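Chain residues, written in single-letter form:
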Amino acid sequence: MNLKDKVILITGASGGIGRELAKVLAKEECKIVLLARRGPELISIESELKLINPDVFAMKCDVSSRQNVKAVVHLSRELFKKIDIAILNAGVSFKTDPNNFDSTLAEEIFDTNVLGVIYFFEELIPEFKKNGGMFVGISSLADGRGFPKSGLYCASKAAVTLFLESQRIELKPFNIKVLTVKPGFVRTAMTAKNEFKMPFLMDAEKAAKIILKGIKKEKRIIQFPWQTVLGAKILKLMPDFLFDKFAAKQRKITLPKGR
Ligand SMILES: NC(=O)c1ccc[n+]([C@@H]2O[C@H](COP(=O)([O-])OP(=O)(O)OC[C@H]3O[C@@H](n4cnc5c(N)ncnc54)[C@H](OP(=O)(O)O)[C@@H]3O)[C@@H](O)[C@H]2O)c1
């Protein structure tokens, strides 16, 4: 797919993978709407990208608010007359703690990582049905098993992966493409707080280039790096008793003897 003149919305563009994706997209001569909550970070990336592409605009948006999503889709349409691609990348992650289990973290994770994707489908499906379009949802290779301390995050990514899969098939007759991106560990603010070893940790810049290549090829699933893809497949097939031992060790949890 040639991205020239395509109108692309990208959520979570103020940092990490989203920011790097915006940078590589800006060079493709497309029209870009950068979305996130933090104004100063958005302004900084907008000014940086405007130097190479005048058609880059930033708008504040909390993807967990249906009204916010409605408003930015409306504004983007006013600005560019159409929308071709929505890259739904915004995401949050919090550690769970049995000594202080807090369901408000679950609300924030599911509202952002799951509903923050679904609201864009709601807003864009009618337009995409008429003109064609593409959704690119950023899930994770952590979508296949429940890793201790990351249960809310894994559950949210499993939900988003299955939602995207179903939509990929359901929307195909309308010429609407749905791509799922499943990165392994990428060096960003999200992973900076992880206390466990992250094998094959990749720079966000490299991740963005792989995602861009996958979008151009319209790949159903864009997953990387291959070592982590393989690891995730093995973990998925692993018997539960072995997975328990592996995951407990990796996340530094001491299991009672004999269990
Ligand atoms: N890093 C990894 O290893 C990795 C691996 C697999 C998948 N992923 C996924 O990749 C995506 C990007 O993650 P990242 O590592 O780049 O994280 P990051 O550096 O923490 O960036 C997250 C982005 O999401 C935005 N965001 C968070 N909540 C939002 C909300 N309610 N509304 C709008 N924007 C919101 C943040 O901007 P504001 O705070 O300004 O709103 C920020 O721009 C996420 O979906 C993540 O789950 C990451």
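Residues numbered from 1 in each chain as written. Predicted model: local features only at pLDDT ≥ 70, side-chain atom pairs only at ≥ 80, totals over all residues. Heavy atoms only, no water.

(A) Quick peek at the site of the ligand. Not every one of the 30 residues close to the ligand is listed here, only the nearest: Arg-37, Arg-38, Tyr-153, Val-186 and Thr-188. Residue Asn-89 places a main-chain N or O atom 2.8 Å away from an oxygen atom belonging to the ligand. One nitrogen or oxygen atom from the main chain of Gly-91 is found 3.5 Å from an oxygen atom belonging to the ligand. Those elements that place two or more of their residues in the shell around the ligand are α1 (16-26), α5 (151-170) and α6 (189-192). For the shell around the ligand, the element with the most residues is α6, which contributes 3 residues. Within the shell around the ligand, the residues separate by chemical class into 14 nonpolar, 12 polar and 4 charged. (Near = heavy atom within 4 Å. Polar contact = N/O pair within 3.5 Å; in protein donor to acceptor, adjacent residues only side chain to side chain. Helix = DSSP H or I, 4+ residues; strand = E, 2+ residues; numbered from the N terminus. Nonpolar A, V, L, I, M, F, W, Y, C, P; charged D, E, K, R; others polar.)

(B) Spatial organisation of the sheet that holds strand β2 (residues 31-36). With parallel pairing, 7 strands are arranged side by side in an open sheet as β3-β2-β1-β4-β5-β6-β9. Both edges of this open sheet fall to β3 (56-60) and β9 (221-224), since each of them pairs with a single strand only. The average angle at which neighbouring strand axes cross in this sheet is 15°, direction not considered. Looking at chain direction, strand β5 (residues 133-138) and strand β6 (residues 176-183) are connected through 6 bridges and run parallel. Pairing of Met-134 across the sheet is with Lys-177, part of β6. Running at roughly 155° to β3, helix α3 (residues 66-80) makes contact with β1 (7-11), β2 and β3 of the sheet. (Pairing = 2+ DSSP bridges. Axes fitted to C-alpha atoms, helices over the stretch in contact; angles between N-to-C directions. Contact = heavy atoms within 4.5 Å.)

(C) A nonpolar patch on the surface, seen in detail. Residues Trp-226, Leu-230 and Ile-234 make up a contiguous nonpolar surface patch of roughly 360 Å² in combined accessible area. Here Trp-226 falls in the exposed class, since its relative accessible area comes to 61%. (Patch = residues over 30% accessible without salt bridge, like charges linked within 9 Å, V, L, I, M, F, W, Y side chains within 5 Å. Areas by Shrake-Rupley, 256 points an atom, 1.4 Å probe, with all protein chains shown as cover. Salt bridge = Lys/Arg side-chain N within 4 Å of Asp/Glu carboxyl O. Buried < 20%, exposed > 50% of the residue type's maximum accessible area, 1.4 Å probe, protein only.)

(D) Inspection of the side chain of Arg-168 at higher detail. Along the chain, Arg-168 turns up in helix α5. Accessibility expressed as a relative area gives 17% for Arg-168, which makes it buried. Non-local contacts of Arg-168, meaning those with residues more than four positions away in its chain, are made with Val-178, Thr-180, Arg-220 and Ile-221.

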